[in-house]
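Chain and residue survey
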Amino acid sequence: MEKLRCAVIGLGMGMGHLRGYLDNSRAKVVGVVDLDEAKVAKGIAEAPEAKGFSDYVEMLKECNPDVVSVALPNFLHEPVTIACLEAGADVLCEKPMSTSLASALRMEQVALKTGKRIFMNLSQRFTQENNAAHELMESGAFGEVYHAYTEWTRRDWIPGFGGWFGQKELSGGGPLLDIGIHKIDMALWLMGRPKPVTVSGITHYQRGVPRAKKENVKFDVEDYATGFVRFENGASLIFEASWAGYQQTYSQQAFKLIGNKGGLEIAEGKNGLDYIYNHEVNGVPLASRLVCDKMHGASSTESLVDCILDDKPFRANMEDGIRMQVILEALYESAARGKEVNIKEEFPTAFALL
Ligand SMILES: NC(=O)c1ccc[n+]([C@@H]2O[C@H](COP(=O)([O-])OP(=O)(O)OC[C@H]3O[C@@H](n4cnc5c(N)ncnc54)[C@H](O)[C@@H]3O)[C@@H](O)[C@H]2O)c1
């Protein structure tokens with residue numbers, strides 16, 4: 001049987017994509033690309049069948065991949081994804097889809113024109129515990145979900161300080177766009193995708209910006225974000241996302257969901273890998289259940305190969321990427337204005353994308 005020809009551009013997070021493809025016996029990694037020669041060498045060491053490149057245009061010409069992972073700094077998602085689509089490949093694009101909604105919509109236009117697809121690496125949809133939660137939601141165990149609470153905060157972990165992550169023009173935003181996106185996406189996914197109507201976002205610049213001044217590097221994104229989302233069905237969401245909080249652990253994640261029949265909490269267990277669900281049906285509390293004993297199931301890349309070859313739906317698509325871009329942009333707009341933004345009334349075209 002023909003194997004799916006896969007390529008990876010950008011070998012930071014892209015190494016995870018590479019390993020996911022290698023884990024699927026129906027995939028073949030034909031090309032790896034990075035500007036850094038040492039990273040290309042590492043990629044080839046793990047995928048000896050692949051050819052290494054520093055120029056993605058050359059790779060597309062020589063390798064003719066079926067699907068390409070674009071795991072580059074956010075500002076490169078648009079041009080590189082478009083080049084891949086125009087070369088006839090589907091794309092698995094890292095989150096966020098791009099640095100702005102306008103850019104994400106330009107990517108969509110090319111996908112529609114070429115008939116090629118953009119899939120999104122909203123990777124939290126692929127973990128074992130979150131899948132178990134999704135199955136419970138779909139089974140109706142929570143009834144009408146009316147509130148979600150999410151948190152992803154880090155103690156002092158601003159990624160690549162002085163590099164592209166901290167520059168709005170190159171990244172699109174700080175922790176809200178970087179890690180908040182995962183939890184907000186997960187909330188929408190586990191709430192059954194209600195439509196956000198109003199958002200209130202707050203961003204703070206108290207730790208990264210002063211540190212950047214001292215170290216004489218560029219940094220103009222928030223280091224802390226919090227906010228509130230009201231949905232059309234009356235449900236609500238509170239989130240917190242931070243790269244530089246004051247807390248015991250370097251990274252802390254939390255997720256709670258409340259419905260009229262039950263709810264859950266996804267919490268890190270004693271060994272850091274156990275996830276516990278507190279689950280209640282028809283007012284009768286059940287004992288906390290350990291639904292899984294490891295954090296990750298099949299990776300998104302491993303699962304994408306089967307979806308493409310078997311023509312099955314993938315769990316995170318271009319529409320999900322665009323939807324997140326609408327919400328995040330509205331949250332940044334709200335933070336800039338210092339007041340709530342009504343997406344439905346003020347941005348009806350964007351609201352239609354939700
Ligand atoms: N889904 C997740 O859980 C997750 C986790 C981490 C990062 N990400 C996303 O992955 C993307 C990359 O993040 P990262 O942490 O790997 O960043 P990074 O800066 O560590 O790695 C980016 C890589 O791209 C290479 N690169 C830059 N420009 C290039 C070009 N023109 N051609 C080829 N290679 C080029 C760099 O040399 C570098 O190796 C971002 O969009 C980020 O948001 C997603």
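As the structure is a prediction and not an experimental result, all values here were calculated from the model.

Conventions we followed
Residues numbered from 1 in each chain as written. Predicted model: local features only at pLDDT ≥ 70, side-chain atom pairs only at ≥ 80, totals over all residues. Helix = DSSP H or I, 4+ residues; strand = E, 2+ residues; numbered from the N terminus. Rg over C-alpha atoms; globule rule 2.2 N^0.38 Å. Buried ≥ 20, exposed ≤ 12 C-beta atoms within 10 Å, placed from the backbone. Contact = placed C-beta atoms within 7 Å. Core = buried A, V, L, I, M, F, W, Y, C linked by C-beta atoms within 7 Å. Domains from an automatic or database assignment. Pairing = 2+ DSSP bridges. Axes fitted to C-alpha atoms, helices over the stretch in contact; angles between N-to-C directions. Near = placed C-beta within 6 Å. Nonpolar A, V, L, I, M, F, W, Y, C, P; charged D, E, K, R; others polar. pLDDT = per-residue confidence, 0-100. Parallel < 35°, antiparallel > 145°, perpendicular 65-115°, else oblique. Left-handed = near helix turned anticlockwise from the far one by under 90°.

1. So, the overall build of the protein
Within the protein, the secondary structure is distributed over 13 helices and 17 strands. Taking 354 residues into account, the globule formula puts the C-alpha radius of gyration at 20 Å, and the protein, at 20 Å, falls close to it. Projected onto the principal axes, the alpha-carbon positions of the protein cover approximately 60 × 50 × 45 Å. Out of the 354 residues in the protein, the part that is buried amounts to 47%. Here the analysis covers contacts within the protein between residues at least 6 apart in sequence; of these, 69% occur between residues at least 24 apart.

2. Thoughts on the nonpolar core
Judged by nonpolar contacts, the single largest core of 91 residues is most densely connected at Ala-7, Ile-9, Val-29, Val-32, Val-70 and Val-91. The dominant element in this core, judged by the number of residues it contributes, is helix α11 (residues 318-337), at 10 residues. Those residues within four positions of Val-91 in sequence are excluded, and the remaining contacts are Val-68, Val-70, Thr-81, Cys-84, Leu-85, Ile-118 and Phe-119.

3. Notes on the domain arrangement of the protein
Interface extent is often summarised as the accessible area lost during association of the parts. For the protein, the assigned domains read domain 1 (4-121) and domain 2 (144-259 + 318-351). At the junction of the two partners, domain 1 supplies 17 residues and domain 2 supplies 17 residues. Breaking the side of domain 1 that touches domain 2 down by element, the ones donating at least two residues are α5 (101-114) and β6 (118-121). Among the elements that take part in the side of domain 1 that touches domain 2, α5 stands out by supplying 4 residues, more than any other.

4. Quick notes on the sheet that holds strand β1 (residues 4-9)
Across the sheet, 6 strands lie side by side as β3-β2-β1-β4-β5-β6; this open sheet has parallel pairing. In the strand order of this sheet, the two ends are held by β3 (51-53) and β6, each with one partner. For this sheet, the mean inter-axis angle between neighbouring strands, taken without regard to orientation, is 25 degrees. Judged from the 3 bridges that link them, strand β2 (residues 27-33) and β3 form a sheet pairing that is parallel. The residue of β3 that forms the bridge with Val-33 is Phe-53.

5. Overview of unusual backbone geometry
Omega for the peptide link from Lys-95 to Pro-96 comes to -15 degrees, which places this bond in the cis form. Here Pro-96 lies in the loop between β5 (90-94) and α5. The backbone of Asn-216 sits at a positive phi, close to 55 degrees, despite the residue not being glycine. Accessibility expressed as a C-beta count within 10 Å gives 7 for Asn-216, which makes it exposed.

6. Considerations on the site of the ligand
Surveying the vicinity of the ligand reveals 22 residues, the closest of which are Gly-10, Gly-12, Met-13, Glu-94 and Ser-123. In terms of residue class, the shell around the ligand is made up of 10 nonpolar, 6 polar and 6 charged.

7. Section: the confidence of the model for the protein
Overall, the prediction assigns the protein a mean pLDDT of 91, with 91% of residues at 70 or greater. Below pLDDT 50 for its whole length, residues 270-276 participates in 17 contacts with residues either more than four positions away or in separate chains. For the stretch residues 290-296, pLDDT sits under 50, and the model shows 20 contacts to residues farther than four places along the chain or on other chains.

8. Topic: the environment of Ser-103
Structurally, Ser-103 is set in helix α5. C-beta crowding within 10 Å serves as the criterion here: with 20 such atoms nearby, Ser-103 is assigned to the buried category. In contact with Ser-103, other than residues within four places in its own chain, are Glu-78 and Ser-98.

9. A word on the packing of helix α8 (residues 175-190) against α11
Two elements in contact, α8 and α11, have axes whose closest approach is 11 Å; the angle formed by their N-to-C orientations is 120 degrees. As summarised for this structure, α8 and α11 are arranged oblique, according to the angle between their axes. Between α8 and α11 lies a crossing whose hand is right-handed. Packed against α8, whose contacting residues are Leu-176, Leu-177, Ile-181, Ile-184 and Asp-185, the element α11 presents Asp-320, Met-324, Ile-327, Leu-328 and Leu-331 at the interface. When grouped by side-chain class, the residues that make up the contact of α8 with α11 number 8 nonpolar, no polar and 2 charged.

10. Quick look at the environment of Ile-327
Counting through the fold element by element, Ile-327 comes out in helix α11. Distance from Ile-327 to Ala-87, taken between C-alpha atoms, is 31 Å for residues 240 residues apart in sequence.

11. Here's the deal with the environment of Ile-118
Within the element layout of this structure, Ile-118 appears in strand β6. With 25 C-beta atoms counted inside 10 Å, the residue Ile-118 sits in the buried group. Not counting chain neighbours up to four residues away, the residues in contact with Ile-118 comprise Thr-81, Val-91, Cys-93, Met-107, Ala-111, Met-318 and Gly-321.

12. Comments concerning the packing of helix α1 (residues 14-23) against helix α10 (residues 300-309)
At their nearest, the axes of α1 and α10 sit 7 Å apart, and the two run at 45 degrees to each other. With respect to each other, α1 and α10 are oriented oblique. For α1 against α10, the interelement crossing comes out right-handed. Of α10, the residues touching α1 (which contributes His-17, Gly-20, Tyr-21 and Asp-23) are Ser-300, Thr-301, Glu-302 and Val-305. Across the contact of α1 with α10, the residue classes break down as 2 nonpolar, 4 polar and 2 charged.

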